[in-house]
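Structure assessment
The chain contents come next:
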Amino acid sequence: MITHGKEVKVFAANANRPFAEGVCRALGVPLGEGTVTTFADGEVSVTLNETVRGCDVFIVQPTCKPVNNNLMELLVTIDACRRASAGRITAVMPYFGYARQDRKAKSRDPISAKLVANMITCAGADRVLTMDLHASQIQGFFDIPVDNLLGNPVFVQYYRNMFENTDDVVVVSPDVGSVARARAFSAKLHMGLAIVDKRRQKANQCEVMNIIGDVKGKTCILFDDMVDTAGSLCNAANAIKEVGGAARVLACATHGVLSNPAVQRVQDSCIEELMLLNTIPLPEEAKGSKIRQLDVTPLFAEAIRRTFDEVSISSLF
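Procedures and definitions
Residues numbered from 1 in each chain as written. Predicted model: local features only at pLDDT ≥ 70, side-chain atom pairs only at ≥ 80, totals over all residues. Heavy atoms only, no water. UniProt positions renumbered as here; feature names shortened; annotations may be inferred. Helix = DSSP H or I, 4+ residues; strand = E, 2+ residues; numbered from the N terminus. Buried < 20%, exposed > 50% of the residue type's maximum accessible area, 1.4 Å probe, protein only. Contact = heavy atoms within 4.5 Å. Areas by Shrake-Rupley, 256 points an atom, 1.4 Å probe, with all protein chains shown as cover. Lys, Arg positive; Asp, Glu negative; His and termini not counted. Charge placed at Lys NZ, Arg CZ, Asp CG, Glu CD. 1 Å grid on protein atoms, 1.4 Å probe; cavity = no way out; pocket = protein on both sides within 12 Å on 5 of 7 lines; lining within 4 Å. Polar contact = N/O pair within 3.5 Å; in protein donor to acceptor, adjacent residues only side chain to side chain. Salt bridge = Lys/Arg side-chain N within 4 Å of Asp/Glu carboxyl O. Expected span 1.5 Å × (residues − 1).

By the naming in an unreviewed UniProt entry, the protein goes by Ribose-phosphate pyrophosphokinase and is assigned to Candidatus Avoscillospira avistercoris. For the protein, the Pathway (unreviewed entry) comment in UniProt is given as "Metabolic intermediate biosynthesis; 5-phospho-alpha-D-ribose 1-diphosphate biosynthesis; 5-phospho-alpha-D-ribose 1-diphosphate from D-ribose 5-phosphate (route I): step 1/1." Under the UniProt heading Subcellular location (unreviewed entry), the note attached to the protein is "Cytoplasm".

Structure below.
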């Protein structure tokens, strides 16, 4: 690795090419010419159609569904760039898959987030650029620098424009584990804070138990880092509406994983709008529904620019 490449080159695999194209538009550089396909037996095939020798290469690839395919595309693309003598390689992962497996929840569990970190490092990545890791300590799983961008300011600006008076608006954490990020979000918007206390019975299912804080007659914004099956989110929304007496329920999250039946659950819930960031492509069935996306490609483009120029990224937030 060299500390500074001679020019920026951005490549993309197949997980979210529109996102990579948006990053390139904001940077004012063309998307690198390369093809990522599969052989007849399903093995990943990567071909770089331009030189990357001595360049600062950024590979844009969220590891969303299908997670294993997209992860393998990222690893093989990193290896291709390393063997083509790239000066420095940054894995740009707007969404970091396997992040929820960050500890041993019970005996003999794997810590898959650490395994993925090892794989990315061994493939040849020199840096990782991601957004809103499910657990901040995952940065410590890597032996290379990790820049964890925050989606918080994007939502702050959106809701600041939506509400002139925030006296009757409350930010709600859908569970105790999300309290820290919800508190930081509410503080920036000068809004109140409430917490939904739940007891999870088994994976992807939960039972809402209690609401901590005053939501009666108020507009509530449920704030989380990701929406997977939307069970927790919709249960929390129903609780603050029916039990807490909230007037309106909105929701926002950085990553829209949206596994089945998430879209239908959101549609059938009392949530008026679910705002996500475009770190993961929106599935076809979600288009035209209550689910919307905000664009964070300019933020990633600025982070890439600052990485290349050796300028602070933390000052963005």
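1. Remarks on the overall build of the protein
If you tally the helices and strands in the protein, you get eight helices and 14 strands. Dimensions of the protein, computed from the C-alpha atoms along their principal axes, are close to 60 × 45 × 35 Å. Relative to its full complement of 317 residues, the protein shows a buried share of 55%. Long-range pairs, those at least 24 residues apart, make up 64% of the contacts in the protein with a sequence separation of at least 6. When the accessible surface of the protein is summed, it comes to about 14300 Å², and 49% of that surface belongs to carbon and sulfur atoms. For the protein, the separation between the mean place of its 34 positive charges and that of its 35 negative charges on side chains is 4 Å.

2. Re the UniProt feature "binding site: D-ribose 5-phosphate" (unreviewed entry) in the protein
As annotated in UniProt, the feature "binding site: D-ribose 5-phosphate" (unreviewed entry) corresponds to Arg200, Asp224, Asp228, Thr229, Ala230, Gly231 and Ser232 in the numbering used here. Restricting the annotated residues to those that line the second largest pocket leaves Asp224. When residues no more than four places from it in sequence are discounted, the contact partners of Asp224 are Pro174, Asp175, Ser178, Arg181, Cys252, Ala253 and Thr254. There is a polar contact of 2.9 Å between the side chain of Asp224 and the side chain of Ser178. Locating Ala230 in the fold gives a position in the loop between strand 11 (219-227) and helix 6 (231-242).

3. A closer look at the side chain of Asp132
The residue Asp132 is located in the loop between strand 6 (127-131) and strand 7 (146-149) in this model. This buried residue, Asp132, is left without a salt bridge; Arg181 holds the nearest opposite charge, at 6.4 Å. Ignoring sequence-local partners within four residues, the contact set of Asp132 consists of Asn148, Leu149, Leu150, Gly151, Asn152, Thr254 and His255.

4. Structural notes on the side chain of Thr77
Along the chain, Thr77 turns up in helix 2 (residues 67-83). By relative accessible area, Thr77 is classed as buried at 3%. In this structure, Thr77 is in contact with Val36, Val46 and Ile59, ignoring residues within four places of it in sequence.

5. With respect to the pattern of salt bridges
Counted according to the given criterion, the structure contains 16 salt bridges. As a salt-bridge pair, Asp228 and Arg100 come within 2.8 Å of each other at their nearest N and O atoms. In this pair, Asp228 is assigned in the loop between strand 11 and helix 6 and Arg100 in the loop between strand 5 (88-93) and helix 3 (112-123), connecting sequence segments 128 residues apart. Exposure remark for Arg100: the relative accessible area of 37% places this residue in the partly exposed category.

6. Quick word on helix 2
For helix 2, built from 17 residues, the straight-helix expectation of 24 Å at 1.5 Å per residue is met to within 8% by its first-to-last C-alpha distance of 24 Å. The complete set of buried residues in helix 2 reads Asn70, Leu71, Glu73, Leu74, Leu75, Thr77, Ile78, Ala80 and Cys81. Of the surrounding secondary structure, the elements contacted by the buried residues of helix 2 are strand 2 (34-38), strand 3 (44-48), strand 4 (56-60), strand 5 and helix 3. Phi turns positive, to about 70 degrees, at Ser85, one or two residues after helix 2.

7. A short note on helix 6
At 3.6 residues per turn, the α-helix brings residues three or four places apart onto the same side. Its 12 residues place the ends of helix 6 16 Å apart at the C-alpha level, agreeing with the 16 Å of an ideal helix rising 1.5 Å per residue. Every buried residue belonging to helix 6 is among Gly231, Ser232, Leu233, Cys234, Ala236, Ala237, Ala239 and Ile240, and all of these are buried.

8. Considerations on the UniProt feature "binding site: ATP" (unreviewed entry) in the protein
According to UniProt, the feature "binding site: ATP" (unreviewed entry) maps to Asp41, Gly42, Glu43, Arg100 and Gln101 in the numbering used here. Taking the farthest pair of C-alpha atoms as the criterion, the annotated set spanning 61 residues is dispersed, since that pair is 30.1 Å apart. Beyond its immediate stretch of four places on either side in the chain, Arg100 contacts Tyr95, His134, Met226 and Asp228. Take Gln101: it is sitting in the loop between strand 5 and helix 3. Relative accessible area serves as the criterion here: at 35%, Gln101 is assigned to the partly exposed category. Those residues within four positions of Gln101 in sequence are excluded, and the remaining contacts are Pro110, Ile111, Ser112 and Ala113. There is a polar contact of 2.6 Å between the side chain of Gln101 and the side chain of Ser112.

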